Amino acid sequence: MLARRDPQRSFFDAQSLPHRVPDDSFYGRMGAVSDELFHDDDLAMMYCLDNGRPSLPPSLMSGVTLLQFHDGVSDAEAVARTMFDIRWKVALNLPLDCLGFDPSSLSNFRNRLVDNGQERYAFSRFITVGREAGFIPDRVTLLTDTTNVKGAGAVQDTYTLLRKGIRKLLKAAGFHVRGKRQGLSPRTRNLVEHYVDQDRKADIDWSDPQQRTAQLQTLVEDVEAALELAAEQSDDAEVRSVGWLLTKILGDDIATDEQGQSQNGQGTAPDRIISLTDPEMRHGRKSKAHRFDGFKVGVSTEQSSELILDIADVTASGSDGVHLMPTIERTQAEAKVTVERAIGDGAYGSGKNRAACAERDEPIDLVSPLAKPSDPEVHKSAFQIDLQAQTATCPQGHTVTGKRGPKQDGRPTWLFTFPRATCEACPLFERCVRSKKTGRTVRAGPYEAYLQEARARQQTDEFDTDYRFRPAVERKIGELVMHGLRNTRYVGESKRQFQRLWLGAAVNLKRLFTLAQAQKVDLHVVLSHLGPPNAGLMTT
């Protein structure tokens, strides 16, 4: 049953008594608006209004959750701070003799928010505040970037993945229950006892390649036996899920030699599973030298206010650029703004993204640099490609007519091949031509016109002026990291996204306090005029 916070003040309220918490600190400023920051009735849809045990007030739980992510503390530590930390008492307007509550209440509150689709509650509320206060304009410039974060699961090698996968599959099929083992063949019974009744790494000399190979062969055979045993319960969703994981691990990690023996495969599969405790974790790279295990988080801020408009998990592998358009769509839908310009690093500047931005009903100006070639004199950009005339002219002034290539994304491509004899007479031949039979071939892709325009723009002062705003999103990511962004607390997409959103909300509240002070805006008044979550500028 929904319980509301008692508006009656106590003689022991921290805000009413002398304290040393600065008024201009985050805690002091939060305390000044604590009565309007969150409203119990905003989350009334999550509770029964007339039956059951009274809940803890959702406004209080929202405030505690916000401070928890701001300070990067556990559930138990968060409850302890409500009892003993004067800064938290001031921020939440709690009495000095606050008794606290059981830490599991915070977990229950998070689950209730997720189950009722209210995980965006605080994040959306503070963006609404920014819109109502005039900090976020109707038409925005979006600064976007990603950073790597750790996963909550343990990274496991192939041997561990297979061993623990067998154990997980057999337990999902119910073989941890003794009665279910009746009637099993001796080999099957041995399989169940070996993997379910114990969870030990094989006792072999792991430095010996032959013993490792033999152990891998045994694991693969046991996986196949376990999958066959579990197939009888394929109607069970958990059995199917774990069976699929094991099958994928075999496909990604295991190869068979000419003798039919199992070997570790060469290279790394693009979407390789690296953990059974968190199967969504992946290998990823931010650069050739920077490898990580876990996830990427995309962060997008509004250029003038530096408020975060979007924060979300994205895939660890692959280019950041594929997430640009979904980010723009989410931002426009959630913040009720129009993105008129997007600024990102070179990962976002693909021809496909430039076309998608330019061909919208309301075009978006994408400011993103193209990579500088290592040898500009013979790079493709040194060739003058005329798509209208379907010709290409090399740096030495020789012109050829193009031929149509295969379509890509439903758009035409062109191939321009220069005669071998012409290229051999050129002083740039050794640097320019790699083919042993033909001259230089230049390919114009489906988005060549957009890339040509981008290369020309990149040489202008206007581009330098626009692009200099991009480091602001890196600073914001640094601030998020300082508050714990790198450490994922939870397993599962919905709970991970909950963490990102509430951390983003805490950082946005800090920024709102700074903007309000600089622009002489009374946040207490703005907050008091907000309606419930589904009203006004925002929807959650």
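Residues numbered from 1 in each chain as written. Predicted model: local features only at pLDDT ≥ 70, side-chain atom pairs only at ≥ 80, totals over all residues. Heavy atoms only, no water.

Peer 1: Looking at this structure, I do not really get unusual backbone geometry. What am I missing?
Peer 2: With glycine set apart, most residues show a phi of negative sign, and most peptide bonds adopt trans. One non-glycine residue with positive phi stands out, namely Gln390, at about 60°. In this structure, Gln390 sits in the loop between strand S9 (384-386) and strand S10 (391-393). By relative accessible area, which is 30% here, Gln390 ends up partly exposed. The phi torsion at Lys520 lies on the positive side, around 55°, for a residue other than glycine. Within the fold, Lys520 resides in the loop between helix H19 (493-519) and helix H20 (523-528). A residue is classified by how much of its surface remains accessible, and Lys520, at 74% relative accessible area, is exposed. (Helix = DSSP H or I, 4+ residues; strand = E, 2+ residues; numbered from the N terminus. Buried < 20%, exposed > 50% of the residue type's maximum accessible area, 1.4 Å probe, protein only.)

Peer 1: Honestly, the layout of surface pockets in this entry has me stumped. Any pointers?
Peer 2: Approximately 580 Å³ is the volume found for the largest pocket. Lining the largest pocket are 24 residues, with Arg5, Asp6, Pro7, Gln8 and Asn93 sitting closest to its centre. Mapped by element, the contributors of at least two residues to the lining of the largest pocket are helix H1 (26-32), helix H2 (34-37) and helix H3 (58-71). Taken together, the residues of the lining of the largest pocket break down into nine nonpolar, eight polar and seven charged. (1 Å grid on protein atoms, 1.4 Å probe; cavity = no way out; pocket = protein on both sides within 12 Å on 5 of 7 lines; lining within 4 Å. Points joined across faces, edges and corners; volume = space filled by probe spheres on them. Nonpolar A, V, L, I, M, F, W, Y, C, P; charged D, E, K, R; others polar.)

Peer 1: Could you clarify how one ought to interpret the sheet that holds strand S14 (residues 441-444) in this entry?
Peer 2: The strands that make up a sheet are held in pairs by hydrogen bonds between backbone atoms, and each pair lies either parallel or antiparallel. An order of S12-S13-S14 is seen for the three strands of this open sheet, with the pairing classed as antiparallel. Of all the strands in the sheet, just strand S12 (403-408) and S14 have a single pairing partner and so form its edges. Between one strand axis and the next, the sheet turns through 25° on average, direction left out of account. The pairing of S12 with strand S13 (residues 411-417) spans four bridges and is antiparallel. Each residue of the ladder has a partner; that of Gly405, found in S13, is Thr413. (Pairing = 2+ DSSP bridges. Axes fitted to C-alpha atoms, helices over the stretch in contact; angles between N-to-C directions.)

Peer 1: Just checking my understanding: could you explain the pairing of strand S1 (residues 139-150) for this structure?
Peer 2: Walk down a regular strand and you will see the side chains alternate between the two sheet faces. Most of S1 sits out of view: ten of its twelve residues are buried. Pairing analysis gives five bridges linking S1 to strand S7 (residues 338-343), with the strands arranged parallel. Considered in S7, the bridge of Val140 is made with Val339. The pairing of S1 with strand S5 (residues 291-302) spans nine bridges and is classified as antiparallel. Bridging from a neighbouring strand, Val149 pairs with Phe295 of S5.

Peer 1: Before we go on, may I ask you to explain a nonpolar patch on the surface in this structure?
Peer 2: On the surface, Phe11, Phe12, Ile86 and Leu96 cluster together into a nonpolar patch covering about 440 Å² of accessible area. Taking relative accessible area as the criterion, Phe12 reaches 46% and is therefore assigned partly exposed. (Patch = residues over 30% accessible without salt bridge, like charges linked within 9 Å, V, L, I, M, F, W, Y side chains within 5 Å. Areas by Shrake-Rupley, 256 points an atom, 1.4 Å probe, with all protein chains shown as cover. Salt bridge = Lys/Arg side-chain N within 4 Å of Asp/Glu carboxyl O.)

Peer 1: For this particular structure, what's the right way to read the pattern of salt bridges?
Peer 2: Two side chains with opposite charge may pair up if their charged atoms get near one another. By the definition in use, this model includes 42 salt bridges. In this structure, Glu479 engages Lys476 in a salt bridge whose closest nitrogen and oxygen atoms are separated by 3.5 Å. Placement of both Glu479 and Lys476 in helix H18 (residues 471-482) is noted, with a separation of three residues, approximately one turn of the helix. If you follow the salt bridges from partner to partner, you end up with Lys248, Asp252, Asp271 and Arg282 in one network.

Peer 1: Would you mind showing me how to read the confidence of the model for the protein chain here?
Peer 2: Residues shown with low pLDDT carry predicted positions that ought not to be read at fine detail. Averaged over every residue, the pLDDT of the protein chain is 93; residues scoring 70 or more account for 99%. Within the model, pLDDT remains below 50 along residues 535-540, and this stretch shows 20 contacts once partners closer than five positions in the same chain are excluded. (pLDDT = per-residue confidence, 0-100. Contact = heavy atoms within 4.5 Å.)

Peer 1: Got a minute to help me understand the sheet that holds S9 in this structure?
Peer 2: Strands sit in the order S9-S10-S11 across an open sheet of three strands; the sheet is antiparallel. Since the sheet does not close on itself, it has two edges, and those belong to S9 and strand S11 (399-401), each with one partner. In this sheet, adjacent strand axes meet at a mean angle of 15° when their direction is disregarded. When S9 meets S10, the two strands line up antiparallel, connected through three bridges. Note on S10: the bridge partner recorded for Asp386 is Thr391.

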